[in-house]
Amino acid sequence: MIHARDLVRNFKTKTGVVEAVKGLSLDVAEGELVAFLGPNGAGKSTSVRMLTTLLPPDSGSANIGGFDIAREPEAVRKRIGYVGQGTGSGPYHRVKDELVTQGQALRMKRSAAADRADELLQMLELDGMADRDASSLSGGQKRRLDIALGLMHTPPILFLDEPSTGLDPHSRANLWEHILKLRQSSGMTIFLTTHYLDEADAMAERVMIMDGGRMIADDTPARLKANLAGDTITLTLRDTGEATRAAGIAEQTDGKRDLTVDGSRLMLVIADGEGKLPGLVVACRDAGIDVLAASVKRPTLDDVFLGLTGRSLREQAAA
Amino acid sequence: MAFLSDVMISFRREITPTLRNWYYVLFGLMQPFLYLGLFVPLLGGFGAADGGSALQWFVPGMVVMLVLFTTVMCGWTLTEELLSGSFERFLTTPMSRPAMLVGRALKELAPLLVQALIVILVAAPFGLTLYPLQMLFGLLLLLLFGIGVAGLSYALAIASKRDGSLFYMVSHSIALPMMLLGGVLLPMEGAPTWLYVASRFNPLSYLVEAERALFSGAWSTLPVLIGIGVSVVTAIVGLAVGAATIRKASV
């Protein structure tokens, strides 16, 4: 459904040329839910804006739903729903009016657009809001209206640019409930950008990690974590001496990384930590070392990002 | 005609909130009536050379001024939507870009035309002779002219979209001298030579002259022809510049 090859986009600023996207290639199959994850300024939005025909690429090409973004932008626009970072509804316009206008802009008949608007208002729990000014809605309601605007023409492909940024946790969860429900009922291809790690992890079937204008990883969250981060096993021993001896035993374990001793604690990173832990504990006991406590921490996508770039995404999101 | 239907879609979206608050259009009549009540009496015999009322001379110029000031500020409402993201939403639909601009411009112009008609009707008992066809044609020319100015205003708004005060400064420093040099308030015939020459380089002067000719019942005079030319060219240039700039709206 989405195929991009070597997309490049530079911006001229006062301080020089900024290479926002440096040769992006990606493929998304029909019905996939893919998350673009990366820190602010990684090039996520610029990429989405190129894919949605809002921004012409400097070079490279992309095909959306069978149509070329440069040669057939109108055909692309008819097939995509786009929910940008900003607020889609106008401040002086009423909720249902905006939906109907959007439908007409997407070549729907006015009556069909009105029916679809009612349907979406109900689906997104905005019924009763139809005649309200869009500016009077709460943040979560506005965002659901944005989604409804993007869904008016039942597009096969939906682009969501930072859909839940700025929402409180409750509204975020509620928004996601709706997105997943819509997807289940329609089989839409969904492409979203986010800098929320947990969101990408929990919702997306595939995560593409962007950093510095390049895609640096592309896989399922589970495989990214297994291959690029691994589980962290922590063993607590009686004292530093035993911890050091246990480290000697752990040294023999296949596939271990980052073995460290911190006081009476021993830590190591390894794939399939849950499967490896019992063997390790038994090996320690065979050597006469008692393991007092043991834990396995599953990695997060932040660990993946840290492993790939040496930086934490969480710190950057907070900055 | 996808273009016309896109114009209608855009116009309808923008005019709906105005129609809900139609009384603001009536408030908008304050300014023209203040001019008519407090300024026209000062004109005395000015402009009323052919024995007609000063109104016959002043009303067309004033309507041009209203159109100019309103359409120059059109971009302001676009700035708001450029920043919020709602304009971007339309850019991802197959709608025609120039049609989006025309629809928006018409939304600003429609209340003005209503106001102009009310002013004309109210001024009639005070000495404004009515030439319905000529006057309506005059308003049509203003519509074309206004669409062009609006197109330029949208282009300015897009070019300065992160900076509302820049937009305000530039638009005003263009509109005010155009209005003063257009001989809207006082006849340019009494101006010093340098000022008169400067006014000849102002396209608005020709439009004002055309409107004055039409409002005094003339049809096929040279000023009217030139006025048609000025309106048509302004509309074409404004829309072309607006449509070309709109491609940058999402950058």
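Residues numbered from 1 in each chain as written. Chains lettered and ligands numbered in written order. Predicted model: local features only at pLDDT ≥ 70, side-chain atom pairs only at ≥ 80, totals over all residues.

1. Things to note about the overall build of chain A
Then, in step 1: Of the regular secondary structure elements, chain A holds 12 helices and 14 strands.
Then, in step 2: For chain A, the C-alpha atoms occupy an extent of roughly 80 × 45 × 35 Å along the three principal directions.
Then, in step 3: Residues classed as buried in chain A amount to 44% of the 319 residues present.
Then, in step 4: Look at the contacts in chain A between residues 6 or more apart in sequence, and 67% of them connect residues 24 or more apart. (Helix = DSSP H or I, 4+ residues; strand = E, 2+ residues; numbered from the N terminus. Buried ≥ 20, exposed ≤ 12 C-beta atoms within 10 Å, placed from the backbone. Contact = placed C-beta atoms within 7 Å.)

2. Notes on the interface of chain B and chain A
Then, in step 1: Each side of the interface is counted separately: chain B has 18 residues, and chain A has 26 residues.
Then, in step 2: Those elements that provide at least two residues to the side of chain B that touches chain A are α1 (2-20), α5 (74-84) and α6 (86-91) of chain B.
Then, in step 3: Looking at which element gives the most residues to the side of chain B that touches chain A, the answer is α6(B), with 5 residues.
Then, in step 4: Across the side of chain B that touches chain A, the residue classes tally to 7 nonpolar, 7 polar and 4 charged. (Nonpolar A, V, L, I, M, F, W, Y, C, P; charged D, E, K, R; others polar.)

3. Section: the confidence of the model for chain B
Then, in step 1: Per-residue pLDDT for chain B averages 87, and the proportion of residues at 70 or more is 95%.
Then, in step 2: What the predictor reports for the complex is a pTM of 0.84 with an ipTM of 0.84. (pLDDT = per-residue confidence, 0-100.)

4. So, the sheet that holds strand β4 (residues 59-64) of chain A
Residue and element names in this part refer to chain A.
Then, in step 1: Within the open sheet, the 4 strands sit side by side as β2-β1-β4-β5. Their pairing is antiparallel. Each edge of the open sheet is held by one strand with a lone partner, namely β2 (16-28) and β5 (67-68).
Then, in step 2: Direction of pairing for strand β1 (residues 2-13) relative to β2: antiparallel, over a ladder of 10 bridges. Within β2, the residue paired with N10 across the bridge is E19.
Then, in step 3: Helix-sheet contacts for helix α1 (residues 44-51) involve β1, β2 and β4, and the interaxial angle to β1 is about 120 degrees. (Pairing = 2+ DSSP bridges. Axes fitted to C-alpha atoms, helices over the stretch in contact; angles between N-to-C directions.)

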